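Here is how the chains run, residue by residue.
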Amino acid sequence: MIRIDAHQHFWSVARDDYGWLTPALPGLYRDFLPEHLAPLLARSGIDRTIVVQAAETEAETAFLLELAAAAPFVAGVVGWTDLESRDAPMRIEALARSPALRGVRPMLQDLADDEWILRPSIAPAIVALCRARLRFDALVKPRHLSALRSFLARYPDLPVVIDHGAKPEIAAGRIDVWAAQMRAIARDSRVVCKLSGLATEASRQWSADTLAPYVDVLLEAFGPQRLMWGSDWPVLLEAFDASAAENAYAAWHDAASILTSRLSSDDRDWIFGRTAAAFYDIQ
């Protein structure tokens, strides 16, 4: 059974197109490239990955596509383009010519307008995504979920995956409103969700027990066939003290394995590979 990390990043600091990446994040302010990830994948038994954009530039998407062409373990790229641009449909058509491109991701969590995805100005781009058979990674927080429900209703043909379980406020212990919203969204059977990024939303003293109530909600709402495990490496390192960062990838993989240990082996196969393979069309 193929094992897939459905959400990881690469970056090179010298590219200077990561506005959020500064020396104020010492654990992340360095290069993270395929040669750094490969041994971590081998240690956790991961076969393939999906690399996801981390900068709002098409230049970074081109960079990721180049890395994917050279790194056999990269199964696909989720890139970025300006969905509000007048020529967005043409840009999407051009990007879709790359066989490695699997979808796009606007950085919704960083936008001032929580209802940005409902703007009429992006409608032509979303239609173009559907036409190109590309997917939409929804990088949202709980405050975006109401707008996301409306977006899903507006574009019923668009394949959508929610990144990082919509980033519940784990450190603050908030769960009820987020859980109700995620259950409502999950009624749309086309929507899938990434079991990723949760440790980063907790305090650095997190454990599998800390995350269990949130993982249980996602399992109940989406079921194993609509959940996919992702590392969110190297952002994942922010969930660990510097002394533990070297083993962060394996630690999160092990925690996710514990959190899903009560499931059947078939259900775990979906979460750790088959869901991502089906959603992102990984052969």
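Scroll up to find the structure.
Values in this document were obtained by computation on a predicted structure and should not be read as measured data.

Calculation notes
Residues numbered from 1 in each chain as written. Predicted model: local features only at pLDDT ≥ 70, side-chain atom pairs only at ≥ 80, totals over all residues. Heavy atoms only, no water. Helix = DSSP H or I, 4+ residues; strand = E, 2+ residues; numbered from the N terminus. Rg over C-alpha atoms; globule rule 2.2 N^0.38 Å. Buried < 20%, exposed > 50% of the residue type's maximum accessible area, 1.4 Å probe, protein only. Contact = heavy atoms within 4.5 Å. Areas by Shrake-Rupley, 256 points an atom, 1.4 Å probe, with all protein chains shown as cover. Lys, Arg positive; Asp, Glu negative; His and termini not counted. Charge placed at Lys NZ, Arg CZ, Asp CG, Glu CD. Pairing = 2+ DSSP bridges. Right-handed = clockwise from strand over helix to strand, strands pointing away. Axes fitted to C-alpha atoms, helices over the stretch in contact; angles between N-to-C directions. Core = buried A, V, L, I, M, F, W, Y, C linked by side-chain atoms within 4.5 Å. Arc of directions from axis to C-beta. Phe/Tyr/Trp six-rings, centres within 6.5 Å; stacked < 30°, edge-to-face > 60°.

Next up on the list: the overall build of the protein chain. Across its full length, the protein chain holds 10 helices and eight strands. The C-alpha radius of gyration computed for the protein chain amounts to 18 Å, which stays within 12% of the reference 19 Å derived for 283 residues, consistent with globular compactness. Each principal axis of the C-alpha distribution contributes one length, and for the protein chain these read about 45 × 40 × 40 Å. Scored against the burial criterion, the 283 residues of the protein chain give a buried share of 56%. Restricting the contact set of the protein chain to residue pairs at least 6 apart, pairs at least 24 apart contribute 79%. Roughly 11900 Å² of accessible area belongs to the protein chain as shown, and the carbon and sulfur atoms make up 50% of that amount. Seen as two clouds, the 29 positive and the 37 negative side-chain charges of the protein chain have centres 5 Å apart.

Most of strand S2 (residues 48-52) is tucked away: four of the five residues are buried. In this sheet, S2 lies alongside strand S1 (residues 4-8) in parallel orientation, the contact comprising three bridges. The residue bridging Gln8 from the neighbouring strand is Val51, located in S2. Each parallel crossover has a hand, and the one from S1 via helix H1 (residues 34-44) to S2 is right-handed. Examined bridge by bridge, S2 and strand S3 (residues 74-79) share four bridges and lie parallel to one another. If you follow Thr49 over to S3, its bridge partner there is Val74. As for the winding sense of the linkage, the β-α-β connection from S2 through helix H2 (residues 58-70) to S3 is right-handed.

As a further point, take unusual backbone geometry. Following Trp233, the chain continues into Pro234 via a peptide bond in cis, with omega recorded as 0 degrees. Tracing the chain through its elements places Pro234 in the loop between strand S8 (227-229) and helix H9 (248-259). One non-glycine residue with positive phi stands out, namely Asp232, at about 55 degrees. Along the polypeptide, Asp232 turns up in the loop between S8 and H9. For Asp281, which is not a glycine, the phi torsion comes out positive at approximately 55 degrees. Mapped onto the secondary structure, Asp281 falls in the segment after helix H10 (265-279).

Further remarks concern the sheet that holds strand S4 (residues 101-104). Read from one edge to the other, the open sheet built from eight strands follows the order S1-S2-S3-S4-S5-S6-S7-S8, with strand pairing classed as parallel. Either end of the sheet is taken by a strand with one partner, and the two such strands are S1 and S8. Ignoring strand direction, the axes of neighbouring strands in this sheet form an average angle of 25 degrees. Across three bridges, the pairing between strand S7 (residues 192-195) and S8 is parallel. Each bridged residue has a counterpart across the sheet, and for Cys193 the counterpart in S8 is Leu227. Of the strands in this sheet, strand S6 (160-162), S7 and S8 are in contact with helix H8 (residues 208-222), which crosses S7 at around 155 degrees.

All right, on to the nonpolar core then. Grouped together as the largest cluster of nonpolar side chains are 93 residues, with contacts concentrated most on Phe136, Leu148, Phe151, Ile162, Leu211 and Phe222. Among the elements that line this core, the one with the most residues is H8, at 10 residues. Formed by 14 residues, the second largest nonpolar core is a distinct cluster that contains Ala6, Met228, Ala276 and Phe279.

Mapped onto the secondary structure, Leu158 falls in the loop between helix H5 (145-154) and S6. By relative accessible area, Leu158 is classed as buried at 0%. Sequence-wise, Leu158 and Arg135 are 23 residues apart; in three dimensions their C-alpha atoms are separated by 6.7 Å.

Let us now look at helix H3 (residues 88-95). Of the residues making up H3, those classed as buried are Ala88, Ile92 and Leu95. Looking straight down H3, one finds that the buried residues subtend no more than 65 degrees of arc, so they occupy a single side.

This part takes up the packing of aromatic side chains. Counting across every chain of the model gives 13 aromatic pairs. Ring centres of Trp11 and Phe32 lie 5.6 Å apart, and the angle between their planes is 80 degrees; on these two criteria the pair is classed as edge-to-face. With Trp11 in the loop between S1 and H1 and Phe32 in the loop between S1 and H1, this residue pair connects regions lying 21 residues apart in the sequence. For the pair shown, Trp11 and Phe32 are each scored as buried. Overall, Phe32 belongs to the buried group, its relative accessible area being 1%. Pairwise contacts between aromatic rings join Phe10, Trp11, Tyr18, Trp20, Phe32 and Trp233 into one cluster.

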